[in-house]
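# A structural walkthrough
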Protein chains: 2
Amino acid sequence: MPITANDIKRKSWLEVSSDSDFPIQNIPFGVFLTKENIVTVGTRIGDFAIDLGALQQLNYFEGIELTDDMFMQDTLNDFISDGQKTWRLVRNRIAEIFDEQNSKLRDNTKDKDIIIFKMEDVEMQLPVLIGDYTDFYSSKEHATNVGKMFRDPENALLPNWLHIPVGYHGRSSTIVPSGIPVHRPMGQTLPNGETTPVFGPSRSVDFELETAFITTDVNIMGENIHVTEAEDYIFGMVLLNDWSARDIQKWEYVPLGPFLAKNFASSISPWIVTMDALEPFRTKGPKQEPTPLPYLQQKGKHSFDINLEVAIQPENSEATVISHSNFKYMYWTMSQQLTHHTSNGCRVNSGDMMGSGTISGPTEDSFGSMLELTWGGKNPIKLKDGTERKFINDNDTVIMKGHCQNGHVRIGFGEVSSKLLPPFVRK
Amino acid sequence: MPITANDIKRKSWLEVSSDSDFPIQNIPFGVFLTKENIVTVGTRIGDFAIDLGALQQLNYFEGIELTDDMFMQDTLNDFISDGQKTWRLVRNRIAEIFDEQNSKLRDNTKDKDIIIFKMEDVEMQLPVLIGDYTDFYSSKEHATNVGKMFRDPENALLPNWLHIPVGYHGRSSTIVPSGIPVHRPMGQTLPNGETTPVFGPSRSVDFELETAFITTDVNIMGENIHVTEAEDYIFGMVLLNDWSARDIQKWEYVPLGPFLAKNFASSISPWIVTMDALEPFRTKGPKQEPTPLPYLQQKGKHSFDINLEVAIQPENSEATVISHSNFKYMYWTMSQQLTHHTSNGCRVNSGDMMGSGTISGPTEDSFGSMLELTWGGKNPIKLKDGTERKFINDNDTVIMKGHCQNGHVRIGFGEVSSKLLPPFVRK
């Protein structure tokens, strides 16, 4: 374990407020654009963005084997391909460079000017080129809630659900970072009681509170991985808002699954928080009963205690937090998901992204979608400005946050915040 | 229309046998590797592979605006991004260069040595980097057959099918060109009459006879395209064997669609045949009743008369053709599929691939999968060597071919041929 970077006593010479998601123990990875239109791989401490390309050029990574342009790229894919050993060396080195005891960069104003940016002066980009995006469906509470509403209340959970980390393929081309607004989709829907569909703007645009993990190169085609190895291939996690149009979904999804109801947009938080940073928050997930088949069996703690929340902010108004959930409620673990994914020999590459599925907890205020929070629109949610929501309105901003906290340190994801615009108008 | 390249009277100074899929009127695009380990974009006439990178370097594309390294790449994505006008200029120029009347290259032995390869001396690669792969489900006969077997014989076709070109997302990372063998996948299945699944090699590996089209950059996120414009964004077509494991599919696919049953491999023919080359074979598809919603309505001929066949070749034995089908049986057109795909603002990029769905015709010998040909294994198929097949055996090679033919010219795809190997054994 990378004791160095995670050392709880370490402090940075960069200012970090006590409630920051990004103390020196976090050291997430992302890609940002500077005001000079330079794109670089970076990390973040407090409210400062750190240009890893510049750090490398100025020799701060001396002794770590890295290709010359490893960080002067517009994606993290190559760095992630280098594997866990390199990630740890780089993360530990960054922790050393920014340690309050280390004067090398701290006292070098010229280098600092080149390397360090205020967060407000950079624009976060998509951190990876996502070759393939898979979305799982691993919250038992969510699968049960959806089953009750869309299918049979008596047999809400389908027979395969307790045996398979059910998942499906999503669309990579419409994954966008926090801050990019999303248009309300148009689509086919079947009005209640009718037999002929209509085409128009979706009337039930929803969020789905998820996390996602980013993989390194896992296997060659045909090869599977063992569940005990799976975690080594996971680089880190982000928050994911898997936008969904419920009315389109209801009409299109049988028999081949959700398609246009989902692929108009998926928004992610821009900083990938490494599994090493999340290590202190490892915990047990729910008991798996019946015992999974041997290829999915694992012992020990394979979930993570990550507090999650969702807020809706109407235009020109304050935000209302409408859900509190936690990643630890997920039934299937990330290592089980990844193991299952490769069990048939499916190739998984560096930069591939796998969503958790909607993270709903056991209580009504911990559900991870409007569909569940309002129970299909039956129980609207009241916002602080007095207005009600069954689903998301035009010009609402949906804000998801996530962080881990123990007595010593807070490791967070920042946020994924995206505004829902009215349908696109062609010029 | 590009009369020049399609001119039926044109002959090449390169030898082309009368039954070749690749006369000078075809001019498909692909990527190949030479014995000197050079990867280049190329085309094919008869049994000759033509290095377009070399052609460009030797100035044969003078007067056409192309970036310097347009063809010295390992994918066609950049060329496809350049759009229809450029595709046509390049295709027409190639037709001119290889016209039997044109002595420029014909009589230049030095240049010919650099530019022209025998097909047997090159290795075909995947022609595009496929960002996103979508598979449709657009044969009414196939959807009906599957519905009868997997769901309700009385209501085989689901209510949405006649209104929506139903589709779902596939996996890009396991799309391979013809010639690459595929391993029988392992996976979870539920034995008949049991309630607990088992894990092991799939016992019903099947092919699906499909075609696929490759797009150029279609839209920005949020934007849709009009059905009348859609064809302009389609670069060309390939043959697609969408390998499927029926027992895995049956257990996993409700409610989110096929996943591991499909994503272990999809094989494509390596030459992309342009829509311009297919233009003479335009025909009407089946009547669409009920009339689709306005955004999907189109007039005129939007299908193509493409003869398709599937053969199984056991190890060390001759091949048996087991199905004859035709692309013209497809209910939904490619332009309707692409229009539907962008109707919610989903972004489609250069190099994206969209599969037709299994192409089953109206008669039992025109079905596009073993599932249908043997009716779920009930009616095994007899091969020429006397053996029977319910599904595909280890070491069988599945060969799909496709071509168009009229009184004047034959335009073909070559083949997609792939051997099914036993399950992968980890070293």
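The rules we used
- Residues numbered from 1 in each chain as written.
- Chains lettered and ligands numbered in written order.
- Predicted model: local features only at pLDDT ≥ 70, side-chain atom pairs only at ≥ 80, totals over all residues.
- Heavy atoms only, no water.
- UniProt positions renumbered as here; feature names shortened; annotations may be inferred.
- Helix = DSSP H or I, 4+ residues; strand = E, 2+ residues; numbered from the N terminus.
- Areas by Shrake-Rupley, 256 points an atom, 1.4 Å probe, with all protein chains shown as cover.
- Lys, Arg positive; Asp, Glu negative; His and termini not counted.
- Charge placed at Lys NZ, Arg CZ, Asp CG, Glu CD.
- Contact = heavy atoms within 4.5 Å.
- Buried area = accessible area lost by both parts, 1.4 Å probe.
- Salt bridge = Lys/Arg side-chain N within 4 Å of Asp/Glu carboxyl O.
- Nonpolar A, V, L, I, M, F, W, Y, C, P; charged D, E, K, R; others polar.
- Buried < 20%, exposed > 50% of the residue type's maximum accessible area, 1.4 Å probe, protein only.
- Pairing = 2+ DSSP bridges.
- Least-squares fit on C-alpha atoms with pLDDT ≥ 70 in both.
- Patch = residues over 30% accessible without salt bridge, like charges linked within 9 Å, V, L, I, M, F, W, Y side chains within 5 Å.
- Domains from an automatic or database assignment.
- Polar contact = N/O pair within 3.5 Å; in protein donor to acceptor, adjacent residues only side chain to side chain.

Under the annotation held in an unreviewed UniProt entry, chain A carries the name fumarylacetoacetase and is attributed to Flavobacterium sinopsychrotolerans. Taken directly from UniProt, the Sequence similarities (unreviewed entry) text for chain A runs: "Belongs to the FAH family." According to its UniProt record, chain A has this under Pathway (unreviewed entry): "Amino-acid degradation; L-phenylalanine degradation; acetoacetate and fumarate from L-phenylalanine: step 6/6."

As a further point, take the overall build of chain A. Along chain A, the regular secondary structure elements total 11 helices and 26 strands. With the principal axes as the frame, chain A shows a C-alpha extent of 70 × 55 × 40 Å. Within the structure as shown, chain A displays about 16,600 Å² of accessible surface, and the carbon and sulfur contribution to it stands at 47%. With 40 positive and 56 negative side-chain charges, chain A shows a separation of 4 Å between the mean positions of the two kinds.

Of the residues lining the interface, 64 residues belong to chain B; the matching set on chain A comes to 64 residues. Taking both partners together, chain B and chain A bury about 5,900 Å²; carbon and sulfur atoms supply 62% of that area. Inspection of the region where chain B meets chain A yields four salt bridges. A salt bridge links Asp352 of chain A to Arg171 of chain B, with the shortest nitrogen-to-oxygen separation between them at 2.6 Å. In terms of residues, the side of chain B that touches chain A owes the most to one element, strand 7 (residues 167-169) of chain B, which gives three residues. Within the side of chain B that touches chain A, the residues separate by chemical class into 32 nonpolar, 23 polar and nine charged.

The residue after Val254 of chain A, namely Pro255 of chain A, is reached through a cis peptide bond having omega 10 degrees. With respect to the helices and strands, the residue Pro255 of chain A is situated in the loop between helix 8 (246-252) and strand 16 (266-268). Phi is positive for Ile27 of chain B, close to 50 degrees, though the residue is something other than glycine. Note on placement: Ile27 of chain B falls in the loop between helix 1 (3-6) and strand 1 (30-33). You can call Ile27 of chain B buried: its relative accessible area is 0%. Even without glycine at this site, Asn37 of chain B takes up a positive phi of about 65 degrees. Relative to the elements of secondary structure, Asn37 of chain B occurs in the loop between strand 1 and strand 2 (39-45). When its relative accessible area of 62% is taken as the criterion, Asn37 of chain B is described as exposed.

A few words on the sheet that holds strand 2 of chain B. Across the sheet, five strands lie side by side as 4-3-2-1-5 (chain B); this open sheet has antiparallel pairing. Strand pairing shows two members of the sheet lacking a second neighbour, strand 4 (116-118) and strand 5 (123-124) of chain B, which therefore form its edges.

Okay, the relation of the copies chain B and chain A next. Mapping chain B onto chain A calls for a screw motion: a turn of 180 degrees about the axis and a shift of 0.0 Å along it, with 0.0 Å RMSD after fitting. With respect to symmetry, the two chain copies, as superposed, fit the operation of a two-fold axis. Taking the C-alpha atom as reference, chain B places Gly257 of chain B closest to the rotation axis, 2.2 Å from it. Mapped onto chain A, 100% of the interface residues of chain B are again interface residues, and the two copies thus contact each other with one and the same surface.

Quick look at the sheet that holds strand 21 (residues 320-326) of chain B now. Residues and elements named next belong to chain B. Taken together, the five strands give an open sheet; going across it, the order is 9-26-25-20-21, and neighbouring strands pair in mixed fashion. In this open sheet, the two strands that pair with only one neighbour each are strand 9 (182-183) and strand 21. One ladder, built from six bridges, connects strand 20 (residues 307-313) with strand 21; its direction is antiparallel. Within the sheet, the bridge partner assigned to Ala311 lies in strand 21 and is Val321.

Our next topic: a negative patch on the surface. Residue and element names in this part refer to chain A. On the surface, Glu65, Asp68, Asp69, Asp78 and Asp82 cluster together into a patch of negative charge. Topologically, Asp69 is positioned in the loop between helix 2 (52-57) and helix 3 (77-81). For Asp69, a relative accessible area of 40% translates into the label partly exposed.

To continue, consider the UniProt feature "domain: Fumarylacetoacetase-like C-terminal" (unreviewed entry) in chain A. Here, the residues flagged by UniProt with the feature "domain: Fumarylacetoacetase-like C-terminal" (unreviewed entry) are residues 134-401 of chain A. A distance of 22 Å separates the end C-alpha atoms of residues 134-401 of chain A, which is 13% helix and 27% strand.

It is worth spelling out the domain arrangement of chain A at this point. Residues and elements named next belong to chain A. As far as domains go, chain A holds domain 1 (4-124) and domain 2 (133-421). One C-alpha centre belongs to domain 1, the other to domain 2, and the line joining them spans 29 Å. On the side of domain 2, 29 residues touch domain 1, which itself brings 29 residues to the contact. Per-residue buried area on domain 1 facing domain 2 is highest for Asp21, Ile80 and Met124; these three make up 25% of the total on that side. At the surface where domain 1 touches domain 2, the tally comes to two salt bridges. Here Asp21 and Arg410 are joined by a salt bridge, their closest N and O atoms 2.9 Å apart. For the pair domain 1 and domain 2, the number of links is 13 residue pairs in polar contact (both at pLDDT 80 or more).

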